[in-house]
Amino acid sequence: MSLQFRVLGSIAVLLVLALLCGGTLLLLHARSVAELEVHTAFRGAERSIRDTLQGNVEHTVTLRQVVASFEGQRHVRAALVNENGRVIVQSQLGHQKSPAPGWFENLMTPPPLASRIPINLPGFPCVVVLTSDPRNEIAEVWDNARNAFLTMLAFCVATMAVVSLAFAYAFGFLRRFQAGLQEVAQGRYDVRLDTKGAPELAALAQGFNHMTQRLAAFSDSNQRLERQIQNIQEEERAGIARDLHDEVGPYLFAIQVDANSAAKSADPKIRELGGTIRDAVLHVQRHVSDILRQLRPANDLEFGLQAAIADLILFWSRRYPGIHFESAITPGLQLDRRSEEAAFRIVQESLSNAVRHSSPQAIRIVIAEEAGGVAVCVEDNGGGLKQSGTGLGHMGLAGMEDRVRTLKGRFTVENLEGQGVRVRALLPRPRELEDA
Ligand SMILES: Nc1ncnc2c1ncn2[C@@H]1O[C@H](COP(=O)(O)OP(=O)(O)OP(=O)(O)O)[C@@H](O)[C@H]1O
Ligand SMILES: [Mg+2]
């Protein structure tokens, strides 16, 4: 359940509880008010009758006047009743407001009050009967209680609306903040939050923006460093290749020449030894030239990516004649030197991985233009990736990924359905080529 829902739900429950408590208190108070009012009115009426009767009442006319004086009373009714129980005169209640609902009347109605006051008029014995009627009072109390309750209800609704708006604002910001963090987690550091609004949220947004600015700066300098490291690596490789070629190559050649001469010697023992040395030298020369190829791709690229990859295929198919190599490289690809070299290195490492780790029967290389740049894809149908194949000493995949990231491209390695592995890199087109 979301935090917003929980907090708003709790506030709503508290408000409803407050309403219930307030309503109950209102009812209790209203009941005591109704009872007190009716009781006071009744006792006042009773006292007034008794006071009047203490005077000299000699005639029924006076009694009629006494009873008539209760006409229009709101809570008490008076009646003059003769000895046969017949009502001679009776007062009517004052104007009744619109009555309260039945349930409220049932709750509020106090115990009924009634009083019989006997009068011994000579020749006319009779009784004044007083009865209470709380309906007027209850109708009034209902009006007050209902208004008070509606006011409380309006207050609760307004409170809930204001709190909901405040939470919607705050949680809207939190949602944007969370989305921003997700973007950052995916390596997009150009995301910024709006810094307008409440000072606390604005401070958070400023902190976030500051963080993404710093991250973007770090990422840029990282990429610069990676490029520098790659350049240094390339230079080192080129240096080692040069040394191998210039220092080891001539000596191997010299040994080969000497071995050839020895192989022509009259002495059969020396001849045999010369032949063995020559074979060994030929073996070492082949290896050195393989190493040189690996170390100096730039040389291969002098004749273009297509030729360099054809060379690579030749290199591996000689050693693994059982593997069927296939390549489809779109001619005239729009790649700058760095992207071309990255494409070559990706194909080189992917081929090496495929033949070393998965014993495939076929490997397919595709390099083609796509909407977002140039896609390099190498698929094999070997045994597929195993979980254990990452960590120290496994630099190939990480190296490919680094190269692609430096060029702001996308890189994936995945198992294919069925069997095999697909390595895929999307190298964005360099802007100057795009604009050309
Ligand atoms: N085409 C593939 N088929 C099956 N497994 C593969 C394939 N490519 C890579 N792997 C697995 O992924 C692991 C990591 O590959 P990675 O190229 O990073 O390291 P490596 O080849 O083991 O060592 P190196 O640093 O020499 O490249 C490999 O050890 C291997 O288990
Ligand atoms: Mg590898």
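On a predicted model such as this, the values are computed, not experimentally measured, just so you know.

## What to know about the pairing of strand β4 (residues 124–132)
No. 1: Strand direction decides the pairing type here: strand β1 (residues 76–82) and β4, joined by seven bridges, are antiparallel. Note on β4: the bridge partner recorded for L80 is V128.
No. 2: Pairing between strand β3 (residues 114–121) and β4: eight bridges, direction antiparallel. Each bridged residue has a counterpart across the sheet, and for N120 the counterpart in β4 is P125.

## Some points on the sheet that holds β1
No. 1: Taken together, the four strands give an open sheet; going across it, the order is β2-β1-β4-β3, and neighbouring strands pair in antiparallel fashion. The open sheet terminates on both sides in strands that have one partner only, identified here as β2 (87–90) and β3. Across the sheet, the mean angle separating the axes of adjacent strands is 20° when strand polarity is ignored.
No. 2: Running over the sheet, helix α1 (residues 3–54) touches β1, β3 and β4 and is turned about 5° from β3.

## A few points about the packing of helix α5 (residues 199–263) against helix α10 (residues 396–406)
No. 1: Two elements in contact, α5 and α10, have axes whose closest approach is 10 Å; the angle formed by their N-to-C orientations is 125°. In terms of orientation, α5 lies oblique with respect to α10. For the element pair α5 and α10, the recorded crossing hand is left-handed. Between α5 and α10, the contacting residues are Q223, E226, R227, Q230 and E234 on the first element and D402, R403, R405 and T406 on the second.
No. 2: Taken together, the residues of the contact of α5 with α10 sort by class into no nonpolar, three polar and six charged.

## Remarks on the coordination of the magnesium ion (ligand 2)
No. 1: Summarising the metal site, the magnesium ion (ligand 2) is bound by the protein donors E349 (OE) and N353 (OD1), whose distances to it range over 2.0 to 2.1 Å. Taken together, the positions of E349 and N353, both in helix α9 (residues 337–357) and four residues apart, correspond to about one turn of that helix.
No. 2: Its relative accessible area of 16% is what places N353 among the buried residues.

## Overview of the nonpolar core
No. 1: Among the nonpolar cores identified, the biggest contains 35 residues, and L305, I309, V347, L351 and I367 are the most heavily contacted of them.
No. 2: Put simply, the parts of the chain that give this core at least two residues each are α8 (305–319), β5 (324–329), α9, β6 (362–370), β7 (373–380), α10 and β9 (421–427).
No. 3: It is α9 that provides the largest number of residues to this core, a total of eight residues.
No. 4: The contact partners of I309, leaving out residues within four places of it in the chain, are I329, F344, V347, I365 and I367.
No. 5: Core analysis: the second largest hydrophobic core is formed by 18 residues, A45, I49, L80 and I119 among them.

## What to know about the pattern of salt bridges
No. 1: Applying the stated criterion across every chain yields a total of 16 salt bridges.
No. 2: A salt bridge links R135 to D133; its shortest N-O distance comes to 2.8 Å.
No. 3: Taking the relative accessible area as the measure of exposure, D133 reaches 6% and is therefore buried.
No. 4: Among the salt bridges present, the one from D402 reaches R405, with a minimum N-O distance of 3.2 Å. Of this pair, D402 and R405 both sit in helix α10, separated by three residues, roughly a single helical turn.
No. 5: For D402, a relative accessible area of 29% gives the class partly exposed.
No. 6: Among the residues examined, R405 registers a relative accessible area of 40% and is labelled partly exposed.
No. 7: A single salt-bridge network, built from bridges that share partners, covers R43, E46 and R50.

## Here we look at α5
No. 1: With 65 residues, α5 should cover 96 Å at 1.5 Å per step; its first-to-last C-alpha distance of 91 Å lies within 8% of that length.
No. 2: Helix geometry: α5 is bent most strongly at V248, by close to 35°, with proline P250 lying one to four residues after it.

## Description of unusual backbone geometry
No. 1: Positive phi is not limited to glycine here, since S359 has a value of about 45°.
No. 2: We classify S359 as exposed; its relative accessible area is 64%.
No. 3: The backbone phi angle of K408 is positive, close to 60°, even though this residue is not glycine.
No. 4: Among the structural elements, K408 can be located in the loop between α10 and β8 (410–415).

## Regarding the confidence of the model for the protein chain
No. 1: Mean pLDDT over the protein chain works out to 86, with 94% of the residues at or above the 70 mark.
No. 2: Predicted confidence for residues 432–436 stays below pLDDT 50, and this span has four contacts to residues more than four positions away or in other chains.

## Some details on the packing of aromatic side chains
To describe a pair of aromatic rings, you give the distance between the ring centres and the angle between the ring planes.
No. 1: According to the stated counting rule, one finds eight aromatic pairs in the structure shown.
No. 2: Judged by centre distance (5.6 Å) and plane angle (25°), the ring pair of F167 and F171 falls under stacked. Of this pair, F167 and F171 are both found in helix α4 (residues 135–185), four residues apart, which corresponds to roughly one turn of the helix.
No. 3: Where F315 meets W316, the ring centres are 5.0 Å apart and the plane angle is 85°; that geometry is what we call edge-to-face.
No. 4: Its relative accessible area of 10% is what places W316 among the buried residues.
No. 5: Through a chain of ring-to-ring contacts, three or more aromatic side chains come together here, namely W103, F104 and W142.
No. 6: Above the ring of F315, the side-chain terminus of R319 is found at 4.2 Å from the ring centroid.

## Quick look at α9
Because the α-helix completes a turn every 3.6 residues, residues three or four places apart line up on one side.
No. 1: Here α9 is 21 residues long and its end C-alpha atoms lie 30 Å apart, about the 30 Å a rise of 1.5 Å per residue gives.
No. 2: Summarising burial for α9: 15 of the 21 residues are buried, a large majority.
No. 3: After α9 finishes, the residue S359 shows a positive phi value of roughly 45°.

## Concerning the pairing of β3
Consecutive side chains along a regular strand alternate between the two faces of the sheet.
No. 1: The alternating pattern of β3 places S115, I117, I119 and L121 on a buried face, while none of A114, R116, P118 and N120, on the opposite face, is buried.
No. 2: Between β3 and β4, which pair antiparallel and follow one another directly, the connecting turn spans two residues, one of which, G123, has a positive phi of 80°.

Quick notes on the rules
Residues numbered from 1 in each chain as written. Chains lettered and ligands numbered in written order. Predicted model: local features only at pLDDT ≥ 70, side-chain atom pairs only at ≥ 80, totals over all residues. Heavy atoms only, no water. Pairing = 2+ DSSP bridges. Helix = DSSP H or I, 4+ residues; strand = E, 2+ residues; numbered from the N terminus. Axes fitted to C-alpha atoms, helices over the stretch in contact; angles between N-to-C directions. Contact = heavy atoms within 4.5 Å. Parallel < 35°, antiparallel > 145°, perpendicular 65-115°, else oblique. Left-handed = near helix turned anticlockwise from the far one by under 90°. Nonpolar A, V, L, I, M, F, W, Y, C, P; charged D, E, K, R; others polar. Donors = N, O, S within 2.8 Å, 3.2 Å for Na, K, Ca; no water. Buried < 20%, exposed > 50% of the residue type's maximum accessible area, 1.4 Å probe, protein only. Core = buried A, V, L, I, M, F, W, Y, C linked by side-chain atoms within 4.5 Å. Salt bridge = Lys/Arg side-chain N within 4 Å of Asp/Glu carboxyl O. Expected span 1.5 Å × (residues − 1). Bend = angle between axes of the 7 residues up to and from the residue. pLDDT = per-residue confidence, 0-100. Phe/Tyr/Trp six-rings, centres within 6.5 Å; stacked < 30°, edge-to-face > 60°. Lys NZ or Arg CZ within 6 Å of the ring centre and 35° of its normal.

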